[in-house]
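Next come the chains, spelled out residue by residue.
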Amino acid sequence: MKQFLRNIIEWKTGACILYTGSMTIYLLFCQIFDNREVSTSMLWMLLLCSVLGSFIQGICFSGWIIKRMRYTRRSILFIALFLPVLSVIAWKGQWFPADGWKSWGLFVVIFFAIFIGMTIGFDIYFRITGRKYDGLLGQYRREKEEKEE
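Here the structure is a predicted model, which is why all the values come from computation and not from measurement.

Asks: What should I look at first to understand the overall build of the protein in this one?
Replies: Within the protein, the regular secondary structure consists of 4 helices and 0 strands. Listed N to C, the secondary structure of the protein is α-α-α-α in terms of helices and strands. Against the compact-globule benchmark of 15 Å for 149 residues, the protein has a radius of gyration of 20 Å, which places it well outside the compact range. Evaluated residue by residue, the protein yields a buried proportion of 25% over its 149 residues. Here the contacts in the protein between residues at least 6 apart in sequence split such that 53% fall between residues at least 24 apart. Only carbon and sulfur atoms are counted for the fraction: they give 67% of the accessible area of the protein, which is about 11600 Å². Each charge sign in the protein was given a centre, from 18 positive and 11 negative side chains, and these centres are 9 Å apart.

Asks: Could you clarify how one ought to interpret the packing of aromatic side chains in this entry?
Replies: Two numbers describe a pair of aromatic rings. These are the distance of the centres and the angle of the planes. Counting across every chain of the model gives 13 aromatic pairs. Measuring from ring centre to ring centre gives 6.4 Å for W11 and F55, while their planes differ by 80°; the resulting arrangement is edge-to-face. With a gap of 44 residues between them, W11 in helix α1 (residues 2-32) and F55 in helix α2 (residues 40-61) connect regions that are remote in the sequence. Of the residues examined, F55 reaches a relative accessible area of 40% and is grouped as partly exposed.

Asks: How do you make sense of α2 when you look at a structure like this?
Replies: Each turn of an α-helix holds 3.6 residues, which means side chains three or four residues apart point in the same direction. The end-to-end C-alpha distance of α2 is 31 Å, a good match for the 32 Å that 22 residues give at a rise of 1.5 Å each. Residues M42, M45, L46, C49, S50, G53, S54, I56, G58, I59 and C60 constitute the buried set of α2. Contacts made by the buried residues of α2 are with α1 and α3 (71-92).

Asks: Explain a nonpolar patch on the surface here, please?
Replies: A cluster of nonpolar side chains, namely Y71, L106, I110, I114, M118, F122, Y125 and F126, defines an oily patch on the protein surface of about 840 Å² accessible area. At 7 residues, the largest contribution of residues to the nonpolar patch is made by helix α4 (residues 101-148). Structurally, L106 is set in helix α4.

Asks: Looking at this structure, I do not really get the state of the cysteines. What am I missing?
Replies: Think of a disulfide as a covalent bridge from one cysteine sulfur atom to another cysteine sulfur atom. According to the stated counting rule, one finds 0 disulfides in the structure shown. With no disulfide partner, C30 has as its closest neighbouring cysteine sulfur the one in C49, 15 Å distant. Look at C30 and you get buried, because its relative accessible area is 6%. We note that C49 lacks a disulfide partner, and the nearest cysteine sulfur, in C16, lies 15 Å from it. Exposure remark for C49: the relative accessible area of 8% places this residue in the buried category.

The rules we used
Residues numbered from 1 in each chain as written. Predicted model: local features only at pLDDT ≥ 70, side-chain atom pairs only at ≥ 80, totals over all residues. Heavy atoms only, no water. Helix = DSSP H or I, 4+ residues; strand = E, 2+ residues; numbered from the N terminus. Rg over C-alpha atoms; globule rule 2.2 N^0.38 Å. Buried < 20%, exposed > 50% of the residue type's maximum accessible area, 1.4 Å probe, protein only. Contact = heavy atoms within 4.5 Å. Areas by Shrake-Rupley, 256 points an atom, 1.4 Å probe, with all protein chains shown as cover. Lys, Arg positive; Asp, Glu negative; His and termini not counted. Charge placed at Lys NZ, Arg CZ, Asp CG, Glu CD. Phe/Tyr/Trp six-rings, centres within 6.5 Å; stacked < 30°, edge-to-face > 60°. Expected span 1.5 Å × (residues − 1). Patch = residues over 30% accessible without salt bridge, like charges linked within 9 Å, V, L, I, M, F, W, Y side chains within 5 Å. Salt bridge = Lys/Arg side-chain N within 4 Å of Asp/Glu carboxyl O. Disulfide = S-S within 2.5 Å.

Structure representation (structure tokens):
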């Protein structure tokens, strides 16, 4: 039960972070395009994207359901689950003219560009963090060896 509650908290935290980020981007684009009115339907759609995106992210990248899977396969699974969800929300929310294939092509290109950018960002972050912890572990081992001598 404790693990289930931890997973719920992790999911809710992820949804809050995604929603905050998407709201910031939405407000930035409202400012750029001189849109003075905020659409409540857009706010609801961004919340839905954040909640579902965080849930799919939890399924794909945590140990909630999938215990052992390569990162590449997890990424492919995330794309296979999230891209259709996001596409339906974009279509229903009329985020762009959905009647032409060029609009959909641009939507998919933007999705993959953001996904690749975020994947590279996380990879860099984890490498830096890993080096930091490797250094701390090495320091701990040296201190432990010095105390034993």
